[in-house]
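An overview of the molecular structure
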Amino acid sequence: MDKIVLGFAPTRRSIFSAPDAVKYRGLTAERLRELGVEFVDIDDINEEGLLYCEEDRLKILEKFRAAKVDGLFLPHCNFGTEFLCARLAKDLGVPVLLWGPLDERPEPDGTRLRDTQCGLFATGKVLRRFRVPFTYLTNCRLDDPVFERGLRDFIAVCNVVRTFKNARILQIGPRPYEFYTTMCNEGELLERFNIECVPVPLPELTAETKAAIAEKGSEGSAIDETLAYIRENMDVRVTDEQLTTIAGLAVAMERLLAKYHCTAGAIQCWNALQGELGIMPCAANAILNEKGLPITCETDIHGAITALMVEAADMGRKRSFFADWTIRHPDEPNGELLQHCGPWPCSVACERPQVTYPLAFDHPGAITAEAKHGLVTLARFDGDNGAYSMLLGTAEGIDGPKGMGTYLWVKVRNIKRLEAKIVEGPYIHHCVGIHDDVVPVLYEACKYLGIQPDLYDPIEEDVKAYLRGE
């Protein structure tokens, strides 16, 4: 799993019980450790380990910045000091989790020790005044299931935000001439989201591929390791020479990702590459996708960004798959075929993949395998005319006719509604899937990224209810 570090800044207000606030600071920290959450505390800032004065806030800010925390957790251990929480959150600039423990029954004489909920109301308002987006975890007890669920979801949100803000996409070749759909505004991605596109020409890729092939047979060579991986995990239906080129291409792309410090890539997969190497890159893409290094087809930069976000939402536990929306199911009215020539990772498949020829091309190097059924999230980050959004929803894998390439028949609630969403845009025929429901995490992450979440089913109130802890 990916690792996220939270800045743990429990807070109190002086007019309520300081000893009770210290007690709940300790109980909350203990619960975080039980759940395996990595965090940086403020126990060394003052004797109480609590945020309640400006001088300490500045020290906390310096400590959290030095630790490069990915998110800020603000437990209100009594009412809390709302303006200090807001200042800290504003200056830190990371996702914020607002929560406080449920208050106990008032004392027999009517006194109350904490008034935590009231403080949460105040902090929420002040965070809005400071224009700080935040995530609210409902007022609950530390051992309530909703606490663990909300905390883990927030950690996943932090992972999406960190991944998105650090995205750097290797663009291998220009987009195919016919694919106006995969145009992107490189300057706008950098200006608005700090996402860099790093272009490399196809000759640089082919030269790196030939260099990798030349290492075959040498001790500890990457290409021999890759060939062994292919033979162990796939049925090979291409020649040894073609398979060696596939492995060399996978090694070359991984090296270029490392050379240019990129987190994902997008490749012009046809047709110049076939003239240079004689293969399709699909199987090589699949090998990198299995390693958590997404490579998308047809130079789809927005698709590569989507893949990074989707896998981050799942905390890196499962691999995603990059697909075309292609044709309707011949029997299921709300069915659709998700397919691509063969770039899906082996772990997605429900059968042993074959390295073979693709559906629409005469060169080898694609994978054929049906993907596992079950619940999947389908997503697409995209934009045009200055507006960016993320199409989101779930589907269910179902039976259907045998296909070529990597494929999965899915059923959605209303295919006509989804179809209209894609046609009317700003989306295209590409999406990213993962075998998990990460819709709420991606929906929540959008508020921190300046992206409009766009649910293709009318489930927004259900998603909000889930995030509220219902």
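None of these values were measured; they are calculated from a predicted model.

About the cut-offs
Residues numbered from 1 in each chain as written. Predicted model: local features only at pLDDT ≥ 70, side-chain atom pairs only at ≥ 80, totals over all residues. Heavy atoms only, no water. Helix = DSSP H or I, 4+ residues; strand = E, 2+ residues; numbered from the N terminus. Rg over C-alpha atoms; globule rule 2.2 N^0.38 Å. Buried < 20%, exposed > 50% of the residue type's maximum accessible area, 1.4 Å probe, protein only. Contact = heavy atoms within 4.5 Å. Salt bridge = Lys/Arg side-chain N within 4 Å of Asp/Glu carboxyl O. Phe/Tyr/Trp six-rings, centres within 6.5 Å; stacked < 30°, edge-to-face > 60°.

So, on to the overall build of the protein chain. Scanning the protein chain for helices and strands turns up 15 helices and 19 strands. Taking 23 Å as the expected radius of gyration for a compact globule of 470 residues, we find that the protein chain reaches 25 Å, a close match to that expectation. Seen along its three principal axes, the alpha-carbon backbone of the protein chain occupies a region of about 85 × 55 × 40 Å. Considering the protein chain as a whole, with its 470 residues, one finds that 59% of them fall into the buried category.

Our focus in this paragraph is the side chain of T356. Here T356 shows up in strand β13 (residues 354–356). A relative accessible area of 16% places T356 in the buried class.

In this fold, N78 is placed in the loop between β3 (71–75) and α3 (82–92). Excluding residues that lie within four positions of it along the chain, N78 makes contacts with T11, R12, R13, F16, S17, A18, A21, L113, R114 and T116.

For the structure shown, the criterion picks out 29 salt bridges. Notably, a salt bridge pairs E48 with R12, separated by 2.5 Å at the nearest N-O pair. In this pair, E48 sits in the loop between β2 (38–40) and α2 (54–67) while R12 sits in the loop between β1 (5–8) and α1 (18–34), placing the two residues 36 residues apart along the sequence. Across the salt bridge formed by K259 and E204, the nearest N and O atoms sit 3.3 Å from each other. Of the two residues, K259 is situated in helix α9 (residues 240–259) and E204 in helix α7 (residues 202–214); the sequence distance between them amounts to 55 residues. Several salt bridges share partner residues, and in doing so they unite R31, E34, E148 and R152 into one network.

Looking now at the environment of T406. Turning to its location among the elements, T406 is positioned in strand β17 (residues 406–411). C-alpha separation for the pair T406 and P145, spaced 261 residues apart in sequence, amounts to 38 Å. Here T406 is in contact with L338, Q339, H340, C341, G342, P343, W344, I367, T368 and A369, once residues within four sequence places are set aside.

Turning next to the packing of aromatic side chains. Within this structure, the stated rule accounts for 13 aromatic pairs. On the numbers, 5.7 Å between centres and 45° between planes, the contact of W270 with F361 is tilted. Of this pair, W270 sits in the loop between β9 (264–267) and α10 (272–277) while F361 sits in the loop between β13 and β14 (366–370), and the two are 91 residues apart along the sequence. Owing to a relative accessible area of 14%, W270 belongs among the buried residues under this scheme.

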